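# A structural walkthrough
Chain by chain, the residues:
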Amino acid sequence: MTTLTRIVNRFRRPLRIRLVGPADQTAAALHGLARMVNRRPDMADRRIRIDLTIREKPLQEWR
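Residues numbered from 1 in each chain as written. Predicted model: local features only at pLDDT ≥ 70, side-chain atom pairs only at ≥ 80, totals over all residues. Heavy atoms only, no water.

## Observations concerning the overall build of the protein
Definition in use: Counting from the N terminus, the helices are DSSP H or I runs at least four residues long and the strands are E runs at least two residues long. Exposure is judged per residue with a 1.4 Å probe applied to protein chains only, and the accessible area is read against the type maximum: over 50% gives exposed, under 20% gives buried, and values in between give partly exposed. Every residue pair with non-hydrogen atoms within 4.5 Å of one another is taken to be in contact. Reported accessibility uses the Shrake-Rupley method at a 1.4 Å probe radius. Residues are deemed covered only where the shown protein chains occlude them.
In terms of helices and strands, the protein carries two helices and two strands. Mapped from its N terminus to its C terminus, the protein presents α and β elements in the order α-β-α-β. The burial tally for the protein puts 13% of its 63 residues in the buried class. For the protein, restricting intrachain contacts to residue pairs at least 6 apart in sequence, the fraction spanning at least 24 positions comes to 80%. Accessible surface, the protein: about 5,400 Å² in total, of which carbon and sulfur atoms supply 54%.

Here you go:
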């Protein structure tokens, strides 16, 4: 990755990710996301914003 690419990535909008669910599923999704970002060289120096909400009840009960 070139220095110019790293500078451009710093000024790009952050990648926004929203995870909602039970603790075990949310943790598994976060772990998978971390592995994906670690494998992709184009994600180096990229800002990522993760909104994490833990809900122990299924979503049908919240409606």
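So much for the structure itself; the text now carries on.
## What about a nonpolar patch on the surface?
Applied cut-off: The patches reported here contain residues having more than 30% relative accessible area and no salt bridge. Joining distances are 9 Å for like charges and 5 Å for nonpolar side chains (Val, Leu, Ile, Met, Phe, Trp, Tyr). We count a salt bridge whenever a side-chain nitrogen from Lys or Arg sits within 4 Å of a carboxyl oxygen from Asp or Glu.
On the surface, Leu30, Ile48, Ile50, Leu52 and Ile54 cluster together into a nonpolar patch covering about 380 Å² of accessible area. The element best represented in the nonpolar patch is strand 2 (residues 48–54), accounting for four residues. Along the chain, Ile50 turns up in strand 2. A residue is classified by how much of its surface remains accessible, and Ile50, at 35% relative accessible area, is partly exposed.

## Structural notes on the pattern of salt bridges
All told, the structure shown has one salt bridge when counted by the stated rule. In this structure, Arg49 and Asp51 form a salt bridge, with 3.4 Å as the shortest nitrogen-oxygen distance. Note on Arg49: relative accessible area 41%, which makes it partly exposed.

## What about the side chain of Thr26?
Where we set the bar: Between N or O atoms, a polar contact is any pair within 3.5 Å; within protein, one atom must be a potential hydrogen donor and the other a potential acceptor, and residues adjacent in sequence are included only when both atoms are from side chains.
Inspection of the secondary structure assignment puts Thr26 in helix 2 (residues 23–39). For Thr26, a relative accessible area of 4% translates into the label buried. Engagement of the side chain of Thr26 in a polar contact is seen with the backbone oxygen of Gly21, the distance being 3.2 Å. One polar contact links the side chain of Thr26 to the main-chain carbonyl oxygen of Pro22, over a distance of 2.8 Å. Beyond its immediate chain neighbours, meaning those up to four positions away, Thr26 contacts Leu19, Val20, Gly21, Leu52, Thr53 and Ile54.

## Considerations on the pairing of strand 2
Consecutive side chains of a regular strand alternate in pointing toward one face of the sheet and then the other. This is how the line gets drawn: One bridge is not enough; two strands pair if DSSP finds at least two bridges between them. With its strands directed away from the observer, a crossover is right-handed exactly when the path from the first strand over the helix to the second travels clockwise.
Pairing geometry for strand 1 (residues 15–21) and strand 2, over seven bridges, is parallel. Its bridge partner lying in strand 2, Ile17 is registered against Ile50. Note that the unit made of strand 1, helix 2 and strand 2 has a crossover that is right-handed.

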